[in-house]
Amino acid sequence: MIKRMVAAAARAILVALLIALPALILPGVRHDAAQMVALLALVASVLTFVEYFAEYPSLIEFRNAPPFNRMRFIALFLTVLLLTLISRGQVAPTGLSQWLTYAGLHVGQAMDFPFSPVRLMVLLAPEGLDEPHMQMIRTHAGLAYLISLASLLCFVALVRLLDWPIRKGAFNFWVNLPLFDPTAGGDVLRRLKRDSHVNVALGFLLPFLIPAVLKAASVYGTPVDLTDPQSLIWMMSAWAFLPASLIMRGVALMRIADLIEEKRRRAYAQAELQVA
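Residues numbered from 1 in each chain as written. Predicted model: local features only at pLDDT ≥ 70, side-chain atom pairs only at ≥ 80, totals over all residues. Heavy atoms only, no water.

J.: Pulling in residues and values, what's your account of a nonpolar patch on the surface?
T.: On the surface, a nonpolar cluster with roughly 480 Å² of combined accessible area is contributed by Met36, Leu39, Leu40, Val43 and Leu47. The residue Leu47 is located in helix H2 (residues 31-53) in this model. Note on Leu47: relative accessible area 57%, which makes it exposed. (Patch = residues over 30% accessible without salt bridge, like charges linked within 9 Å, V, L, I, M, F, W, Y side chains within 5 Å. Areas by Shrake-Rupley, 256 points an atom, 1.4 Å probe, with all protein chains shown as cover. Salt bridge = Lys/Arg side-chain N within 4 Å of Asp/Glu carboxyl O. Helix = DSSP H or I, 4+ residues; strand = E, 2+ residues; numbered from the N terminus. Buried < 20%, exposed > 50% of the residue type's maximum accessible area, 1.4 Å probe, protein only.)

Quick look at the structure:
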């Protein structure tokens with residue numbers, strides 16, 4: 001119990017740090033914004049602690065199938081951290097921030113081609129926005145999308161090459177998929193494959209759909225403020241992370257479906273041998 005409590009507390013602190021990171025690093029954060037960030041960080045840390053301290057999860061999937069959640073957290077944390085350092089470098093430049101800005105700008109320019117997700121995010125900029133802000137949007141979008149692609153490729157390699165999630169032991173289906181209702185009807189295998197296909201399809205579409213939704217919101221509703229550093233950081237992080245997370249979930253569900261299918265084949269073959 002003590003080990004589980006310490007691990008849950010460490011995860012809660014890391015989640016709170018992730019949410020508070022831009023407000024802690026960026027200069028000139030308003031007092032009311034800092035209070036809101038602190039409240040969100042506190043709520044998220046409490047939820048994380050309760051979820052990981054409980055013996056059985058209720059919300060978080062693949063809790064006992066590392067490093068699925070760890071890879072997703074590292075990708076999001078790295079995205080927020082790097083984008084925050086780049087934004088801080090516009091006010092208080094350092095050698096690290098200048099290097100990150102240089103690298104991110106080249107990555108953004110390489111990914112900024114017609115009909116690419118990065119180009120769609122750049123097109124969200126309001127008319128008349130000056131070139132430095134345009135370059136900042138391109139830099140953030142390119143770097144965030146690169147990190148999401150790298151995390152996705154790492155997870156696919158983990159599944160294919162390192163035999164996730166059964167390399168270190170058996171996979172407990174009901175503990176690691178608490179949101180999957182086995183009594184909803186239909187074959188579990190078919191439903192897993194359907195959910196996998198839906199997640200992968202949404203993951204591929206979201207980088208294109210999110211800019212379209214934000215553009216429609218700016219035209220018919222409240223425009224997105226791309227000049228505010230915190231808004232830019234979180235918007236780019238969410239835009240890049242959510243699609244990669246959905247594709248990773250789809251790949252994981254398909255892997256679980258393959259394991260179940262393989263186990264069924266072995267059981268059927270063994271039953272046929274016993275009958276014969």
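J.: So, unusual backbone geometry: which residues are in play, and what are the values?
T.: Of note, the amide linkage connecting Pro66 to Pro67 takes the cis form, showing an omega dihedral of 5°. Residue position: Pro67 is located in the loop between H2 and helix H3 (68-89). Cis geometry marks the peptide bond from Trp164 to Pro165, where omega comes out at 5°. Locating Pro165 in the fold gives a position in the loop between helix H6 (131-161) and helix H7 (173-176). Notably, Phe62 is not glycine yet its phi reads approximately 55°, a positive angle. Positionally, Phe62 belongs in the loop between H2 and H3. A residue is classified by how much of its surface remains accessible, and Phe62, at 1% relative accessible area, is buried.

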